[in-house]
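Observations on the model geometry
What follows is each chain in one-letter form.
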Amino acid sequence: LGTTSAPPLPPNPKKPYHHTVAILNMPLTSLDKIANEAILETALGKTQHKLSVVLRASNDHLHPSLTSLRKSVGEVYSSLWDYAVGYDNHAGHGDMVDVVVYPQNLPNAAPESWLYILPDIDCVCSHDSICGWESTEARGRGTYYQWEGGFGGLQSHVDAINQDRASRNLTNVVGLPVSPWPAGACAKFNDDHNVIFMDDEQLEDGIILPRPKKYPKVVTAASVDDPPPTSSLLSSSPPQNDKDDDDNIDDDNDNDDDNTSMGASLMGGAVIHSKSLFSQVCVGGTFDGMHYGHRKLLTLAISSVLPQNGGGKLMIGVTVDKMLQHKSYSEFIPPLHERMQGVREFVHRLAPGLQNCIKIVPIEDAFGPPGKANSEMAANFDALVLSHETLENGHLLNQYRTETLGYPPLVLLCTRRTEPHGMSSTQLRKLRSDKYHKQQLQLQLQREELQENEWWWWWYAVVQSSNE
């Protein structure tokens with residue numbers, strides 16, 4: 001069956017490219033996903049008609065499984081939908097970019113090299129850390145570029161493409177770099193600044209911990225009031241005996257040396273790595289509307305605190321009203337006490353056993369409680385939970401703590417923010433604004449209708465009286 005193509009769009013100086021190729025990494029880690037989102041946002045912001053997305057396997061994952069390839073396709077299309085809807089809403093029209101995703105080595109899908117000989121290609125969008133290091137015959141990998149600078153990169157990749165296109169009498173393409181490049185997508189920045197991505201599997205001495213065959217005696221919800229074991233909760237590990245006879249497991253005579261070898265424990269069946277829980281955790285935000293992104297952030301913060309019998313504490317900061325006046329639709333931000341109450345209701349519902357370990361406070365400055373001078377409490381914080389969009393703020397806080405206050409730096413427990421256009425406080429406030437103005441318009445129409453009816457009844461009364 002034939003298909004009817006859409007009529008050509010009029011030229012748009014804000015979106016100068018007709019068909020862009022965006023080169024991404026396979027979205028296997030948070031670093032990959034943050035980098036990919038930055039590239040997609042840049043490409044969508046400059047492309048009017050077509051976008052071809054190439055998913056390359058990185059040096060660390062040269063041979064992904066077919067399941068991984070299929071899963072990656074779904075994740076990228078989900079991100080594209082969120083960004084496309086966000087851009088279209090902002091621009092005030094409903095024209096969607098025509099997108100095709102090409103995972104490297106996906107059965108039956110066209111190879112990357114085929115895209116570069118299409119006549120209508122006019123732009124390639126990516127970053128040196130993905131295209132870089134070497135770029136001969138329109139190929140390259142950028143793992144080393146993040147660490148050592150290297151040579152090549154996006155422009156060299158584009159030059160190689162254009163050399164091939166010239167031999168085919170095709171027009172040149174241009175390179176579209178991403179600027180600024182997000183800090184969360186830079187491996188060296190994250191390693192240098194104590195960043196741990198909470199959404200990724202963590203390594204323990206370079207080895208992913210296996211699921212043990214035998215479960216040790218662990219703290220469970222039913223025993224939270226019991227005193228902690230002699231050895232640290234985080235230093236216990238499953239016994240090394242693989243026999244099936246349960247009588248061979250002696251809960252009272254565990255070998256502490258063996259138990260600390262893996263540096264992890266089990267809580268309710270989940271493997272807890274030795275550096276995953278902290279004693280003094282802080283998290284902050286506006287928490288306007290308590291949308292699902294807020295709930296995710298608070299859930300991750302709660303999951304980072306040592307259990308109650310381990311002495312863990314969580315401080316949640318909520319930004320005061322006067323610091324929010326610059327935000328879009330700020331008149332629709334609920335007052336501080338309502339936002340704090342929304343946070344309190346959620347965390348007490350999620351973790352009722354931690355009610356006495358959670359403190360909710362107002363934030364009145366850029367750094368909040370962790371940046372307070374001459375404070376033993378501030379000095380004792382050891383972790384900050386934040387999204388990748390505020391990662392640089394976390395770095396500035398650590399810089400202030402170490403250089404000005406003389407406090408130790410915080411471990412930055414980072415989560416990648418997803419659906420930034422659809423799931424945002426700004427979008428919720430816009431919806432409140434639209435609803436308010438719609439209600440005001442309805443009230444105005446009702447008032448005009450009442451006034452018109454009053455005038456009609458007045459005129460009717462006048463006519464009746466004159467007839468009499």
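Refer to the structure presented above.
Residues numbered from 1 in each chain as written. Predicted model: local features only at pLDDT ≥ 70, side-chain atom pairs only at ≥ 80, totals over all residues. Heavy atoms only, no water.

**Looking at the nonpolar core**
If you look at the biggest cluster of nonpolar residues, it comprises 56 residues, and the most contacted ones within it are Val21, Ile39, Leu51, Val53, Leu80 and Val124. Among the elements that take part in this core, helix α1 (residues 30–46) stands out by supplying 7 residues, more than any other. Of all hydrophobic cores here, the second largest spans 28 residues; its members include Leu297, Leu336, Phe346 and Cys357. (Core = buried A, V, L, I, M, F, W, Y, C linked by side-chain atoms within 4.5 Å. Buried < 20%, exposed > 50% of the residue type's maximum accessible area, 1.4 Å probe, protein only. Helix = DSSP H or I, 4+ residues; strand = E, 2+ residues; numbered from the N terminus.)

**Some details on the pattern of salt bridges**
For the structure on display, the rule yields 6 salt bridges. Glu75 is the partner of Lys33 in a salt bridge, and the nearest nitrogen-oxygen pair spans 3.8 Å. Separated by 42 residues along the polypeptide, Lys33 in helix α1 and Glu75 in helix α2 (residues 66–91) bring together distant segments of the chain. On the basis of relative accessibility, which here comes to 26%, the residue Glu75 falls in the partly exposed class. (Salt bridge = Lys/Arg side-chain N within 4 Å of Asp/Glu carboxyl O.)

**Let's talk about the sheet that holds strand β2 (residues 47–56)**
Pairing in this open sheet of 5 strands is parallel, and the strands run β3-β2-β1-β4-β5 from one edge to the other. Pairing within the sheet leaves two strands with one partner each, and these edge strands are β3 (98–103) and β5 (174–177). Neighbour to neighbour, the strand axes of the sheet diverge by 20 degrees on average, direction disregarded. Across 8 bridges, strand β1 (residues 17–25) lies against β2 in parallel orientation. When the sheet's bridge partners are listed, Val21 is paired in β2 with Ser52. Along the sheet face, α1 touches β1, β2, β4 (123–126) and β5 and points at about 175 degrees away from the line of β1. (Pairing = 2+ DSSP bridges. Axes fitted to C-alpha atoms, helices over the stretch in contact; angles between N-to-C directions. Contact = heavy atoms within 4.5 Å.)

**Thoughts on helix α12 (residues 391–405)**
With 15 residues, α12 extends 20 Å from end C-alpha to end C-alpha; this agrees with the ideal 21 Å at 1.5 Å per step. Among all positions in α12, only Leu391, Gly394, His395, Leu397, Asn398, Arg401 and Leu405 are buried. Down the axis of α12, the smallest arc covering the buried residues is 165 degrees, so these residues share one side. Projecting away from the buried face of α12 at angles above 90 degrees are the exposed residues Glu403 and Thr404. Of the surrounding secondary structure, the elements contacted by the buried residues of α12 are α7 (187–192), β6 (195–197), α11 (376–380), β12 (383–387) and β13 (411–415). One or two steps after α12, the chain reaches Gly406, where phi turns positive at roughly 75 degrees. (Expected span 1.5 Å × (residues − 1). Arc of directions from axis to C-beta.)

**Focus: the packing of helix α9 (residues 292–302) against helix α10 (residues 336–350)**
Put simply, α9 and α10 touch, their axes get as near as 11 Å, and they point 50 degrees apart. Overall, the two elements α9 and α10 adopt an arrangement that is oblique. As for the relative orientation of α9 and α10, their crossing is right-handed in sense. Side by side, α9 and α10 meet where Arg295, Leu298, Thr299 and Ile302 of the first sit next to Val343, Phe346, Val347 and Leu350 of the second. Per-class residue counts for the contact of α9 with α10 are 6 nonpolar, 1 polar and 1 charged. (Parallel < 35°, antiparallel > 145°, perpendicular 65-115°, else oblique. Left-handed = near helix turned anticlockwise from the far one by under 90°. Nonpolar A, V, L, I, M, F, W, Y, C, P; charged D, E, K, R; others polar.)

**Brief notes about α10**
Across its 15 residues, α10 extends 21 Å between first and last C-alpha, which sits within 8% of the 21 Å expected from 1.5 Å per residue. When we look at burial in α10, the residues that qualify are Leu336, Arg339, Met340, Val343, Phe346 and Val347. Taken down its axis, α10 places every buried residue within 130 degrees of arc, on the same side. Residues of α10 that are exposed and point more than 90 degrees away from the buried face comprise His337 and Arg349. Along its buried surface, α10 packs onto α9, β10 (313–319) and β11 (358–363).

**As for the environment of Val281**
Inspection of the secondary structure puts Val281 in strand β9 (residues 280–285). Judged by its relative accessible area of 0%, Val281 is buried. As a C-alpha pair, Val281 and Ile316 span 35 residues in sequence and 8.6 Å in three-dimensional space. Setting aside residues no more than four positions away along its own chain, Val281 makes contact with Ala301, Ser304, Val305, Lys313, Leu314, Met315, Phe381, Asp382, Ala383 and Val385.

**Notes on a nonpolar patch on the surface**
On the surface, a nonpolar cluster with roughly 610 Å² of combined accessible area is contributed by Trp455, Trp456, Trp458, Trp459 and Val462. Exposure remark for Trp456: the relative accessible area of 44% places this residue in the partly exposed category. (Patch = residues over 30% accessible without salt bridge, like charges linked within 9 Å, V, L, I, M, F, W, Y side chains within 5 Å. Areas by Shrake-Rupley, 256 points an atom, 1.4 Å probe, with all protein chains shown as cover.)

**Quick word on the sheet that holds β13**
With parallel pairing, 6 strands are arranged side by side in an open sheet as β6-β13-β12-β9-β10-β11. Each edge of the open sheet carries a strand with a single partner, namely β6 and β11. Averaged over all neighbouring strand pairs, the angle between strand axes comes to 25 degrees, with direction disregarded. Bridge count between β9 and β12: 3 bridges; the pairing is parallel. Paired with Cys282 across the strands is Leu384, a residue of β12. Lying over the sheet, α9 contacts β9, β10, β11, β12 and β13, oriented at roughly 170 degrees with respect to β9.

These results come straight from atomic positions and should not be treated as a statement about function.
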